[in-house]
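Analysis of the macromolecular model
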Amino acid sequence: MKKDEVFKNYDQYIMGTYTRLPLIFVKGKGSKLIDIDGKEYLDFFPGWGVNNLGHCHPKVISAVRDQVDKLIFIPNNLYHINQAKLAKEINFWSFDSKVFFCNSGAEANEAAFKLSRIYGQGKRFEIISFYNSFHGRTFGALSATGQEKYKKGFEPLLPGFKFVDFNNLSAVENACSPNTIGIILELVQGEGGVNVAKNEFVQGLRKLCDEKNILLIVDEVQTGMGRTGEMFCFKHYGIIPDIMTLAKSLGGGLPIGAMVTSRRIADTLKPGMHASTFGGSPLICKAALATFRAIQKEKLLTNTKKMGEYLKNNLMKLKEKYSSIKQVRGIGLMWGVELEIPGKPIVEFCLSKGLLINCTQDKVLRLMPALNIDEKKVNKAIKILDEALKS
Ligand SMILES: Cc1ncc(COP(=O)(O)O)c(C=O)c1O
């Protein structure tokens, strides 16, 4: 199919729910993407946080190849070795937990809300969430999202969600009521502008939840699987959540979501109370197992910390050079560059020079390169960003 025909078919047959860049990619390897014209791009925002291993990682490819011949799908009223192995692997890297498998971040958060409500026994049902948060597009997840722009026109949403300022513990304390059953947060708000939760805040939330028997839900859909330099971001804070939700990079590029719950509350959901047909299929679980293996074998957590520091230092140098940069913030390989000017032209300039980055909240450039990035690629990206800011 020729380029024009692809665009035409999209116009004619695909719903217009996305604002798309006029790019057609045909191949990817690591941090490299090749478009339909053969132009090469350096991907510093691979798959919106899906491709933490970069594109087409060899371990994921061979895991999928191996499994696809044996068994692709088996329903959840039966057992499979890969699902058993993956739940154990998640447990090993997170906390003493049981897992519910599904297909996306929104679905994992929906499961977390349902579990919370059941745990509240019909008496406690309220969930506290934060302004600038993002938890997905389904009705429950959207109701928990602290940004009006995503909700407009879809009201009435699910009742029982309250919003307070991020990093403001006393606001959370004041919002707690006898009906409160859960607090949900991203430890680094991604879509909301790369806002990092403070240590005291998260530790304070944990203490508050313990005192009031409230469930602490961390949405690690974007921060999970090594993105911040730990396998899961909560590890930076010395706390253990009651529920952690995962998706995006868990499957190495294939769709999977998971709700990970502490053993204490896991059995609150009884057989028949919740389900997901495709959740945790043998094929996807095999890809997810390969993702864990790659992160471990290739020492990607160490690389993320090292390259994260390197990227940060280079971004700070740009900040010193350009007054148009207001703030540089982030952790690991999840960085936001807040500008005094709109970010869209910068993204477009970078694109014209073969660098893919993202802009969120109109003025925050988002850089989330693959965890196996090296200095050479960071230098290349910084050089293009420098040119973009100069122009
Ligand atoms: C923190 C967070 N939670 C949930 C979601 C929703 O995930 P999905 O698009 O897989 O439903 C996203 C997606 O960007 C996210 O960043």
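Residues numbered from 1 in each chain as written. Predicted model: local features only at pLDDT ≥ 70, side-chain atom pairs only at ≥ 80, totals over all residues.

1. Considerations on the sheet that holds strand β1 (residues 25–29)
In space, the four strands of this open sheet follow the order β1-β2-β3-β15, with mixed pairing throughout. Single-partner strands in this sheet number two, and they are β1 and β15 (355–356). Across two bridges, the pairing between strand β3 (residues 40–43) and β15 is parallel. What sits directly across from D43, in β15, is L356. (Pairing = 2+ DSSP bridges. Helix = DSSP H or I, 4+ residues; strand = E, 2+ residues; numbered from the N terminus.)

2. Describing the pairing of strand β7 (residues 180–185)
With six of six residues buried, β7 lies mostly within the body of the structure. Taken together, the three bridges between strand β5 (residues 126–130) and β7 define a ladder with parallel strand orientation. By the bridge assignment for β7, I127 is matched with G182. Relative to strand β10 (residues 215–219), β7 runs parallel, the two being bridged by four bridges. Note that in β10 the partner of G182 across the bridge is L215. (Buried ≥ 20, exposed ≤ 12 C-beta atoms within 10 Å, placed from the backbone.)

3. Focus on the sheet that holds strand β12 (residues 257–262)
Judged by pairing direction, the sheet is mixed, and its seven strands sit side by side in the order β4-β12-β11-β10-β7-β5-β6 without closing on themselves. The sheet terminates laterally at β4 (97–102) and β6 (161–164), the two strands that pair on one side only. Neighbour-to-neighbour, the strand axes of this sheet turn through a mean angle of 20 degrees, independent of strand direction. Two elements, β10 and strand β11 (residues 243–246), share three bridges in a ladder whose sense is parallel. From the neighbouring strand, D219 faces β11, where its bridge partner is T245. (Axes fitted to C-alpha atoms, helices over the stretch in contact; angles between N-to-C directions.)

4. What about the packing of helix α3 (residues 81–93) against helix α10 (residues 282–297)?
Look at α3 against α10: their axes get within 8 Å of each other, and the N-to-C directions meet at 35 degrees. Handedness of the α3/α10 crossing: left-handed. Note on element contacts: α10 touches α3 through P282, C285, K286, A288, L289 and F292, opposite N82, Q83, K85, L86 and E89. Taken together, the residues of the contact of α3 with α10 break down into six nonpolar, two polar and three charged. (Left-handed = near helix turned anticlockwise from the far one by under 90°. Contact = placed C-beta atoms within 7 Å. Nonpolar A, V, L, I, M, F, W, Y, C, P; charged D, E, K, R; others polar.)

5. Let's talk about the site of the ligand
Taken together, 13 residues are adjacent to the ligand, and S104, G105, A106, G136 and V221 come closest. Looking at the shell around the ligand residue by residue, the classes come out as four nonpolar, six polar and three charged. (Near = placed C-beta within 6 Å.)

6. Side note on the domain arrangement of the chain
According to the domain assignment, the chain consists of domain 1 (3–56 + 299–390) and domain 2 (71–297). Just the C-alpha atoms count here: the centres of domain 1 and domain 2 sit 26 Å apart. With 26 residues of domain 1 in contact, the opposing surface of domain 2 contributes 23 residues. Of all the elements in the fold, those that place two or more residues in the side of domain 1 that touches domain 2 are α11 (300–321), β13 (325–331), β14 (334–339) and β17 (364–367). (Domains from an automatic or database assignment.)

7. Observations regarding helix α2 (residues 58–68)
Along α2, the residues classified as buried are V60, A63, V64 and Q67. Taken down its axis, α2 places every buried residue within 95 degrees of arc, on the same side. Residues of α2 that are exposed and point more than 90 degrees away from the buried face comprise P58, S62, R65 and D66. Those residues of α2 that are buried lie in contact with α10. (Arc of directions from axis to C-beta.)

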